[in-house]
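# Descriptive structure summary
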Amino acid sequence: MTLISDTDPVVASLDPFAELPRWLAEPMDGARVGASLTQQVPELADGRLELLSCRPERLRAKESEWLARYRLSVRGPDGEPRDVVLVGTLWAPTQDHPGPDASSSAGAAFGEEGWSGWLPDLRLELQHEVSDEALPALPMLTEPGAAAELLQPVLRAAGYDRASIATCDPVVVRYKPGSRCTVVVGVTYAQPSTPPPPRTVVLKTHQGDKGQTAWEAMTALWETPSWRGVLDLAEPLAFLPEERILVQGPIREELTLKELARQAFADGGPEAMDALRGALSDTGRALATLHQTGAVYGRTATFEDELVEVRDVIDRLGLTVPQLQGAAAPLLQRLEELAAEHPADPIVPAHHDFRPAQVLLHPDGLGFIDFDGASMAEPALDLGRFRAKLRDIGISSLLYTGQPLVGEPLAENLALLDDLCEQFLASYLEHATVSRQRVLMWETCDLVTGMLHAWTKVRLVRLEPRLAILRHQLQASGLTGSAGRAA
């Protein structure tokens, strides 16, 4: 195999992404932000409050802004620690902001509602967060009494008309502030009833219309039974549009495919790798079954729309990071040319956000979850996106095990990932058809998106491995169109 030189214009177009600027990296350093707060905030500077810890929870690009969120632990005169959540905006050096000192907080004490402040050394404007305004339904999901009151009519309307809830035990299993929350509720009943109602119910709330999207897709799939016996899907119980709450039944789970993959990459032994290979083959078959259900739902996602979205992300990054203006243009142009050369396969009911974390494994089979992005699409979308994430999980394992992203460890890891991705695709092709070239295009586009997420979500440790896997993809696949590409 002849590899493309890094001087190839398509590969070289990724060079501007190689390093995040200092002004963007520093606000993700909890110690650095904590030191600035201690210096700038009077209550911390004079010892009235003691800052015990500062954990960055989010720094994310949104349009031309960088939105930040920090969770602090502080101790006051009573000696009891308490949490303080600060949210706000990071201002880029290219943006003018005549910020006040952090002490200018309209009279409100630090950590109390109404406090706001400015950290000039980091260009951070922060204020105290009282509640998650993007997810107003959270209290209904997390308080036992409110959860029971919500679920009782839902279960009866879903066909469990004799169910009488005695207790609810809600547990938050996933929470992304301002985006979504998933709560698993253990339910007990006052007396047995027929049909027996679920002992576990899953509640989800999303920002925007993702709950509605998931409800429509899950309902359509539940009404097309051809998937039964091959994979598990959660029973859709209700969607409450006004509250933006999705209610669904449980799925058996021992571990996710993502967790199995991480275990296999860390172990490296033949038994662990055989278990991963078997799960990948089963997942390929199950995905082919999903695609052939004939269900119809929601919007249609296209490769052209995906490229527009990637370009938009780069353009928005360029507003505050000038070095990224026009970056990756030759790569995106090449993907656009390939899309014209290789037409898409007929659309199928797609998961859309299909990754190893969305595959739940148990001794008797597997299930798929998280249909909040579901759409009609060519099958290559799900296959390419899954393979891209599998590569990301695999190369990240080098970091977890302390191995370098160079030389023999990197080469062996990349070769193993090539083989595992091929096995997954080969299993799918035993049960359904798909254009290999379209899979490669979607996979590469998703690798670009993953690399961009290392920027837009300021994931410092993710950037180097994601660039490495993307460069390998271009060098090994021949997507660049260069004369020196692999035969």
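Only a predicted model underlies this, so the values are computations on that prediction, with no experimental measurement involved. (Residues numbered from 1 in each chain as written. Predicted model: local features only at pLDDT ≥ 70, side-chain atom pairs only at ≥ 80, totals over all residues. Heavy atoms only, no water.)

### Focus: the nonpolar core
In globular proteins that are soluble, nonpolar side chains generally tend to be buried together. Counting 126 residues, the largest nonpolar core has Phe368 and Trp455 as its most contacted members. Broken down by element, the residue count for this core peaks at 11 residues, all from helix H14 (residues 436-456). Sequence-distant contacts of Phe368, defined by excluding residues within four places in its chain, comprise Leu231, Asp232, Leu233, Ile251, Thr283, Ala286, Leu287, Leu290, Phe354, Gln358 and Val359. Within the second largest apolar cluster, 24 residues are counted, among which are Leu141, Leu151, Ile165 and Val247. (Core = buried A, V, L, I, M, F, W, Y, C linked by side-chain atoms within 4.5 Å. Buried < 20%, exposed > 50% of the residue type's maximum accessible area, 1.4 Å probe, protein only. Helix = DSSP H or I, 4+ residues; strand = E, 2+ residues; numbered from the N terminus. Contact = heavy atoms within 4.5 Å.)

### A closer look at the packing of aromatic side chains
What describes a pair of aromatic rings is the distance from one ring centre to the other and the angle between the planes of the rings. Under the definition given, this model contains 8 aromatic pairs. Between the aromatic rings of Phe17 and Trp455, the centroid separation amounts to 6.3 Å while the plane-to-plane angle is 80 degrees, which identifies the pairing as edge-to-face. Taken together, the positions of Phe17 in the loop between helix H1 (9-12) and helix H2 (22-25) and Trp455 in helix H14 put the pair 438 residues apart, joining distant regions of the chain. A single burial state applies to Phe17 and to Trp455, both of which are buried. Ring centres of Trp23 and Trp66 lie 6.2 Å apart, and the angle between their planes is 85 degrees; this geometry places the pair in the edge-to-face category. Separated by 43 residues along the polypeptide, Trp23 in helix H2 and Trp66 in strand E2 (residues 65-75) bring together distant segments of the chain. Each of the two residues, Trp23 as well as Trp66, counts as buried. Taken together, the ring pairs connect Phe354, Phe368, Phe386 and Phe424 into an aromatic cluster. (Phe/Tyr/Trp six-rings, centres within 6.5 Å; stacked < 30°, edge-to-face > 60°.)

### Topic: the pattern of salt bridges
Per the counting criterion, the structure on display carries 29 salt bridges. Of the charged contacts, one joins Glu336 and Arg311 as a salt bridge, the two residues approaching to 3.6 Å between their closest N and O atoms. A residue pair is termed long-range when its members are at least 10 positions apart, and Glu336 in helix H11 (residues 329-341) and Arg311 in helix H10 (residues 303-320) qualify at 25 residues. Taking the relative accessible area as the measure of exposure, Glu336 reaches 37% and is therefore partly exposed. Here Arg438 and Glu378 are joined by a salt bridge, their closest N and O atoms 2.5 Å apart. With Arg438 in helix H14 and Glu378 in the loop between strand E16 (375-377) and helix H12 (380-400), the pair connects residues that are 60 residues apart, well separated along the chain. (Salt bridge = Lys/Arg side-chain N within 4 Å of Asp/Glu carboxyl O.)

### Quick notes on a negative patch on the surface
Taken together, the side chains of Glu63, Glu65, Glu304, Asp305, Glu309, Asp312 and Asp315 define an acidic patch exposed on the protein surface. Here the negative patch takes 5 residues from H10, the largest share from any one element. Its place among the elements puts Asp305 in helix H10. (Patch = residues over 30% accessible without salt bridge, like charges linked within 9 Å, V, L, I, M, F, W, Y side chains within 5 Å. Areas by Shrake-Rupley, 256 points an atom, 1.4 Å probe, with all protein chains shown as cover. Lys, Arg positive; Asp, Glu negative; His and termini not counted. Charge placed at Lys NZ, Arg CZ, Asp CG, Glu CD.)

### Quick notes on the pairing of strand E8 (residues 200-206)
Here E8 lies mainly inside the structure; 6 of its 7 residues are buried. Inspection of the sheet shows strand E7 (residues 180-189) paired to E8 by 7 bridges, in the antiparallel sense. What sits directly across from Thr182, in E8, is Lys204. Here 4 bridges tie E8 to strand E11 (residues 245-248), and the two strands are oriented antiparallel to one another. Bridge assignment links Val202 to a residue of E11, and that residue is Gln248. (Pairing = 2+ DSSP bridges.)

### Quick look at the sheet that holds E7
The pairing of strands in a sheet happens through backbone hydrogen bonds and is either parallel or antiparallel. One open sheet holds the 5 strands; their spatial order is E6-E7-E8-E11-E10, and the pairing between them is antiparallel. Two strands lie at the open edges of the sheet, namely strand E6 (165-176) and strand E10 (236-240), each paired on one side alone. When strand polarity is set aside, the average angle formed by the axes of neighbouring strands in this sheet is 20 degrees. Lying over the sheet, helix H6 (residues 144-157) contacts E6, E7, E8, E10 and E11, oriented at roughly 105 degrees with respect to E6. Each of E8, E10 and E11 is contacted by helix H7 (residues 210-222), which is oriented at about 150 degrees to E10, the strand it contacts most. (Axes fitted to C-alpha atoms, helices over the stretch in contact; angles between N-to-C directions.)

### A short note on the confidence of the model for the chain
Looking at the chain, the pLDDT average stands at 91 and 95% of residues meet or exceed 70. Low pLDDT (under 50) marks residues 1-5, which in the prediction has 16 contacts with non-local residues, meaning those over four places away or in another chain. Segment residues 483-487: pLDDT under 50, and 10 contacts once partners within four positions in sequence are set aside and those in other chains are kept. (pLDDT = per-residue confidence, 0-100.)

### Describing the side chain of Gln95
Tracing the sequence through the fold places Gln95 in the loop between strand E3 (81-90) and strand E4 (116-119). Side-chain polar atoms of Gln95 contact the backbone nitrogen of Ala92, separated by 2.8 Å. Dropping the residues within four chain positions of it, Gln95 is found in contact with Ser64, Leu90, Arg123 and Thr320. (Polar contact = N/O pair within 3.5 Å; in protein donor to acceptor, adjacent residues only side chain to side chain.)

### Describing H10
For H10, built from 18 residues, the straight-helix expectation of 26 Å at 1.5 Å per residue is met to within 8% by its first-to-last C-alpha distance of 27 Å. Among all positions of H10, only Phe303, Glu306, Leu307, Val310, Val313, Ile314, Leu317, Gly318 and Thr320 are buried. In this structure, the buried residues of H10 make contact with H2, E2, H11, H12 and H14. (Expected span 1.5 Å × (residues − 1).)

### Some points on a nonpolar patch on the surface
Side chains of Leu399, Tyr400, Leu460 and Val461 sit close together on the surface and give an oily, nonpolar patch of about 400 Å² of accessible area. Of all the secondary-structure elements, those providing two or more residues to the nonpolar patch are H12 and helix H15 (460-477). Here Leu460 shows up in helix H15. Assessed through its relative accessible area of 41%, Leu460 is described here as partly exposed.

### A look at the packing of helix H9 (residues 270-291) against H12
The interhelical angle for the contact between H9 and H12, taken along N-to-C directions, is 155 degrees, at an axis separation of 11 Å. The angle between H9 and H12 places the two elements in the roughly antiparallel class. The way H9 lies across H12 gives a crossing that is right-handed. Residue-level inspection shows Leu280, Thr283, Leu287 and His291 of H9 in contact with H12, the latter providing Asp382, Leu383, Phe386 and Leu390. Split into classes, the residues belonging to the contact of H9 with H12 amount to 5 nonpolar, 2 polar and 1 charged. (Parallel < 35°, antiparallel > 145°, perpendicular 65-115°, else oblique. Left-handed = near helix turned anticlockwise from the far one by under 90°. Nonpolar A, V, L, I, M, F, W, Y, C, P; charged D, E, K, R; others polar.)

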